[in-house]
Structure formats: C-alpha cells, structure tokens
Amino acid sequence: MTTETDQFLKSVDSSERGPRVTGVAISDEVMLETKDVNVYYGDHHALHDTSLAFHKDEITALIGPSGCGKSTFLRSLNLMNREIKGCRVTGEILYDGHNINTKTENLYELRKSIGMVFQQPNPFHKSIRENITFAPKRHGVRDKAVLDQMVEESLRGAALWDEVKDKLDKSAFALSGGQQQRLCIARTLAMKPDVILFDEPCSALDPISTLAIEDLMLSLAKDRAIIIVTHNMEQASRVSNRTAFFYMGDMVEYGETEQIFQRPKDKRLNDYLTGMFS
Amino acid sequence: MGNSQTTAAQEARIERSMRNDRIATGVLTAIVALVMAIVVSMVLYILAQGVGQLFQPGFLTEASRANGTEGGIAYQLFDSFYLLILTLIISLPISLGGAVFLVEYAPEGPITKIASTAIETLSSLPSIVVGMFGFLMFSVNFGWGYSLISGAIALTMFNIPILTRVIQQALEDVPSSQRDACLAMGLTRWETTLHVLIPAAMPAIVTGVVLSAGRVFGEAAALLFTSGMSSPARLNFLSLNFASPTCAWNIFRPGESLAVHIYKIYGEGSPEAQHIVWGTAALLMICVLLFNVLSRIAGKALARRMTAE
Ligand SMILES: Nc1ncnc2c1ncn2[C@@H]1O[C@H](COP(=O)(O)OP(=O)(O)OP(=O)(O)O)[C@@H](O)[C@H]1O
Ligand SMILES: [Mg+2]
C-alpha cells in the first residue's frame, strides 16, 4: 500500500518536475549522437573528433574554459554553424536514426525539433504573444484557437504564464531579464522540440532568476534531451545527469556528473575543477 | 632634498599638461563656435532676405509668370516634391534589395567587395556628371526629352548609394542575436530578414530615407539637363490623362525643382526678380531643415513604439 502511494507520488513528482535524480545517468535511450565531429572556422580547427551521446530524459552539461569550443560544438547540433560564413562541420550527427549533417537535410524542419536558447535573452521586438506565435505562424499554423492554446501551453511550460497572462499584448521588452529568458524558452517550447540546447542561459541573470531557469530545465527534461553549456560548476552539478569536459577544442572527459566532479580522471579536468585555470 | 626636486619637476609637468589641456579646449571650442556662427548667420541671413516673400499673397500658390521673374513658385514646389516621390519610389526598393543582399546573402569575398566599391564610386560621382549621363541616356537615347522621369532616374543614381549605405548600416546594427533566434526556430533567411530584421532596423531606415530625401530635394545640377529648367506654364492637377503635357502627374513632362529655379533666375541676373530668388531659397532651406527634424522625430517615435510599453 505504502509502496503504491510512493509510486504514485513519484510519478506525479517526476511528471511535474522532470528527473529529480541528477548527478547520475537515468536513461540509456539515445536521442542525439555525434560521431567524430570536427569544426573549422576557415583554417582554424576549433573542435576535434568529438563523439558524444545525449539521452532522453537527461540533462547533459558541457563545461570547460573559455574558448575551448563548447558553443562551437553546441551550434553544430542544430546546424547553426552553417549560418556562420566560413564555418565547416564534418562528421556524423545522428538524430532520429539518421545523419543530419548532410547537404540534403531540411534545416527548417530540423530546427523545430532541436531548439536553442541563447546566452542573452533575445526576444523579438514584438508582443509577448507574438513572440510565441511568430514562428509557428511562419510554419503554417493559422487557426487562432490553436495559436492561443499554444501561447498558454508554452508559457505554462516555461513557468511564465501566471506572471504575464494579463499582458500578453504588451511588448516583450517590458519584461525583466529572467522573464525574457523564460519567454525565449517558451517560444522554443512552442515548436515542440525533442532536444533543447542552452548556451549559458543564466549568465546574464540574477541568482533568483537563475534558480527559476534551473528548475524549469529540470521539468523540461521529461521526454527530451537537454544540453546546457555553463561556466557555473554548481549549476552543472545541480541540474545535469552527465557532463562532458572540453579543453582547447578536445572533448577530454565524459561521464556521469557525480563522477566528473568527484572523481575526475584527467589531470586537466582536475586542474579546471580546482580552479587552476578558468 | 632629491625628493623635493622630483616633486617640483612633477608639479611642473602637471602644470604644463593642464595648461595644454586648457589651450586645446579653448581652440576646439573656438573652432566649433566659428562653424556654428557661420551656419547660424547664413541661415538667419537667408531667412531674413526671403521669409517676407513667402508671405506675399500668391507666392506659394500661383504659377510663375514672365519666365519666373513674376508670380509664384507653386509649380516648382510641386515638382520638387513630385520628383522626390518618384525618386524614392524607384530608389527605395532597389536600395533595400541591394542592402539586404549585401548584408544577409552575399558571401564574404569578391562580390561584396566589388558591390561596395561600385556603390562608393557611384556616391562620389559629381552630380553634374550624373546629370549629363542621364541626359544622354534617357533624354536623348530613350527619347524622353526633358522629363520628370529622366530627372527622377538621375536623382535615383545618386540616391541609391546613400540609401543602400544607410539601410546596410541599419541592418548590420540589428543585434545578431535577433537573427540567431529566428534561424534557430527553423525560419528561413528571407523570413528572418522580412519579419524581424527589417522591422527592427526600421527606425534607422526611416531616419536615413528622410535625410536622403533632404539631399535629393535640394539637388540642382543633376536636374538641369534631365528634368529641364522650366515647368509647363499651366498644370492641370485634376487631369488624369497622363499623356497630356499639361497633366501635373504626367511623368514625361518637363519640370523644374526649387533649386533649379534659383539657379535659373539668379543666373539670368534680372534685378527685379531678386525677391523671388530669396523667397525660393528660404523655402528650400526650410523644407530641408524640416526633413532633418522630421527624420529625427520619425525615427525616435518608431524606436519608442517598438521598445516601449
Ligand atoms: N564565428 C567564429 N568565427 C571564427 N572563430 C570562431 C567563431 N566562433 C568561435 N570561434 C573560435 O572557436 C574557438 C571556440 O570558441 P567557442 O565560442 O566555441 O568557445 P566557448 O567554449 O563557447 O567559449 P566561451 O566559454 O567563452 O563561450 C575559439 O578559438 C574561437 O575563437
Ligand atoms: Mg560560448
């Protein structure tokens, strides 16, 4: 009886808060995988032979000193590097059972499934509502009822609904930085992504907004793979299941977050964690 | 002992650099004051000479008579605005397209460089040369004679580089995070440009367009050989027969801008028409000043509407 109640509570809890368990792996279902990915900016070889797997229901943190290639790697995953002049990505990126790093891949469909949230909150110069409906409309959703529902669902998903439900038609720029960032997350959620990439999503935010975003990421991880680049070691250990450490364009060490932080194998990782360099 | 010597030397150095600073400030202030004085006295002088004429009955509402030495300047005023509108209708889409191509589409490398050089060259061509080219090309070759359309195309030729630059700058100033956000949601480059970048750049674009309008409005040299040096004696604003030489809206009729009007009458040196020259000059100057003020107000208002609330 008690186990049944436990079971029930657990299911409620995890459906609302996502994986409560962090620090260790909780899934072996791979959602997105890279094989020997290399990235070049012109002649500059910025990322070498990176192979990583990202799991459904899990959060993976990418850490490493500035300029080591975290963002570069992250941008390969939704093919955003293609928008940078002179940037070239080789290797395989497997999503949904096929390699997406091909000339024929439909970028526009792909980026609906693999969403991205940036370092600086970057809402559009539009109302809160339009920030969310803009992309779905361009992708062909016309029905007003559907759009309205989408607005509410996405804002609820991003834990922003209660704060903005009375001012949906006000400019997104009237929101605080933390709210703007959650709006950007909501806008990404409206595309119903399987994978969400976060590039230092809290580095422009205050501590309270940061915790709100972390909570949010935990709840979003359900049925998705989440990948977050962060310079904040506590953040990485608070939210992530696995962690990959990058150093000067190499993916040096990858493992369960607890292991990475408690028992690092590579000397460079150890030095990084003990603050020998940043 | 040695200590007090260094202090004295240091003090002398500080004293010296402060004096230099004072001198530099003084000289720069004087230069700015001189420039301001020249501008202000010029504006005041022209206004003093011409504003009275603007209030003469009929000056703004009547056609000119006796080859411009009598009557008003209504047609010249209309032609100036009509030329401006025609010019913008042609040059704005071309410049917008060019700027969007250069900023969003053109690959880094020779194409962008060549295009930029071409635009720069075009913008530094003397307007009289542009006018000559327009005359030979449109008036003679195409057989359009002295016509508003020839004038508008000549004006377009030096308006395009200005506008392209302004729009290019405005698009480049849109934070790249806006572009990234769009692309990351699976929108195409074109959708991104049309729905996010251009709206975000709009305040700067409007400011630039109105400022360039001020330049076009005051242009004379490029129009002498293209739209000609006289408006028809009678214009019918109600006529919709666009082929009629007296239809005001006929783009193949000759026309005369305010600046050309000044050139013509002043050049003829008729002393009895001096008041018309000054009146026209004052009007022209007021219009251009208004364009400047308007561009600032419009740009600010748009920017406020987009970010505020
Ligand atoms: N657009 C670009 N063009 C050329 N080189 C780039 C570009 N973006 C990144 N690089 C180079 O690639 C390398 C990795 O940069 P990247 O931005 O991926 O580092 P990062 O780990 O995200 O650093 P940070 O923590 O500072 O964000 C750096 O040497 C950087 O100079
Ligand atoms: Mg980065």
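Look up: the structure comes first, before these words.
The rules behind these values
- Residues numbered from 1 in each chain as written.
- Chains lettered and ligands numbered in written order.
- Predicted model: local features only at pLDDT ≥ 70, side-chain atom pairs only at ≥ 80, totals over all residues.
- Heavy atoms only, no water.
- Contact = heavy atoms within 4.5 Å.
- Buried area = accessible area lost by both parts, 1.4 Å probe.
- Polar contact = N/O pair within 3.5 Å; in protein donor to acceptor, adjacent residues only side chain to side chain.
- Helix = DSSP H or I, 4+ residues; strand = E, 2+ residues; numbered from the N terminus.
- Nonpolar A, V, L, I, M, F, W, Y, C, P; charged D, E, K, R; others polar.
- Phe/Tyr/Trp six-rings, centres within 6.5 Å; stacked < 30°, edge-to-face > 60°.
- Buried < 20%, exposed > 50% of the residue type's maximum accessible area, 1.4 Å probe, protein only.
- Lys NZ or Arg CZ within 6 Å of the ring centre and 35° of its normal.
- Near = heavy atom within 4 Å.
- Areas by Shrake-Rupley, 256 points an atom, 1.4 Å probe, with all protein chains shown as cover.
- Axes fitted to C-alpha atoms, helices over the stretch in contact; angles between N-to-C directions.
- Parallel < 35°, antiparallel > 145°, perpendicular 65-115°, else oblique.
- Left-handed = near helix turned anticlockwise from the far one by under 90°.
- Pairing = 2+ DSSP bridges.

**What about the interface of chain B and chain A?**
Okay, so step 1: Tallying the contact residues gives 23 residues for chain B and 25 residues for chain A.
Okay, so step 2: Taken together, both faces of the contact between chain B and chain A bury some 2,200 Å²; the carbon and sulfur share is 61%.
Okay, so step 3: On inspection of chain B and its partner chain A, the count reaches nine residue pairs in polar contact (both at pLDDT 80 or more).
Okay, so step 4: Mapped by element, the contributors of at least two residues to the side of chain B that touches chain A are helix 6 (176-184), helix 7 (189-217) and helix 10 (274-307) of chain B.
Okay, so step 5: Element by element, the count of residues in the side of chain B that touches chain A is highest for helix 6 of chain B, at seven residues.
Okay, so step 6: In terms of residue class, the side of chain B that touches chain A is made up of 12 nonpolar, six polar and five charged.

**Considering the packing of aromatic side chains**
All names here are of chain A.
Okay, so step 1: Throughout the structure, instances matching the rule amount to 22 aromatic pairs over all chains.
Okay, so step 2: Each ring, one from phenylalanine 54 and one from phenylalanine 73, has its centre 6.2 Å from the other, and the planes form 40 degrees; the classification is tilted. Taken together, the positions of phenylalanine 54 in strand 2 (residues 44-55) and phenylalanine 73 in helix 2 (residues 70-77) put the pair 19 residues apart, joining distant regions of the chain. Neither phenylalanine 54 nor phenylalanine 73 differs from the other in exposure class; each is buried.
Okay, so step 3: Stacked on the ring of tyrosine 40, the Lys or Arg arginine 88 has its end atom at 4.5 Å from the ring centre.
Okay, so step 4: Over the ring of phenylalanine 134 we find lysine 126, and its NZ or CZ is 4.8 Å from the ring centre.

**Observations concerning the site of ligand 1**
All names here are of chain A.
Okay, so step 1: For ligand 1, the set of nearby residues contains 14 residues, the closest of which are Ser66, Gly67, Ser71, Thr72 and His231.
Okay, so step 2: Between ligand 1 and glycine 67, the relevant distance is 2.8 Å, taken from an oxygen atom to a main-chain nitrogen or oxygen of the residue.
Okay, so step 3: Taking threonine 72, its side chain carries an N or O atom lying 2.4 Å from an oxygen atom of ligand 1.
Okay, so step 4: Across the complex, the protein chains shield 64% of the 630 Å² of accessible surface that ligand 1 would expose by itself.

**A word on the packing of helix 5 (residues 148-173) of chain B against helix 7 of chain B**
Residues and elements named next belong to chain B.
Okay, so step 1: Viewed as axis vectors pointing N to C, helix 5 and helix 7 meet at an angle of 150 degrees, and their least axial separation amounts to 9 Å. Comparing the axis directions of helix 5 and helix 7 gives the class roughly antiparallel. Seen along the crossing, helix 5 lies across helix 7 with a hand that is right-handed. Packed against helix 5, whose contacting residues are Leu155, Phe158, Asn159, Ile162, Leu163, Val166, Ile167, Ala170 and Leu171, the element helix 7 presents Leu197, Ile198, Ala201, Ala204, Ile205, Gly208, Val209, Ser212, Arg215 and Val216 at the interface.
Okay, so step 2: Of the residues belonging to the contact of helix 5 with helix 7, the class tally is 15 nonpolar, three polar and one charged.

**A word on the pairing of strand 6 (residues 114-117) of chain A**
All names here are of chain A.
Okay, so step 1: The side-chain alternation of strand 6 yields two buried faces, one formed by Ile114 and Met116 and the other by Gly115 and Val117.
Okay, so step 2: As judged from the four bridges shared by strand 6 and strand 7 (residues 195-199), these two strands associate in the parallel manner. Looking at strand 7, one finds that glycine 115 is bridged to isoleucine 196.

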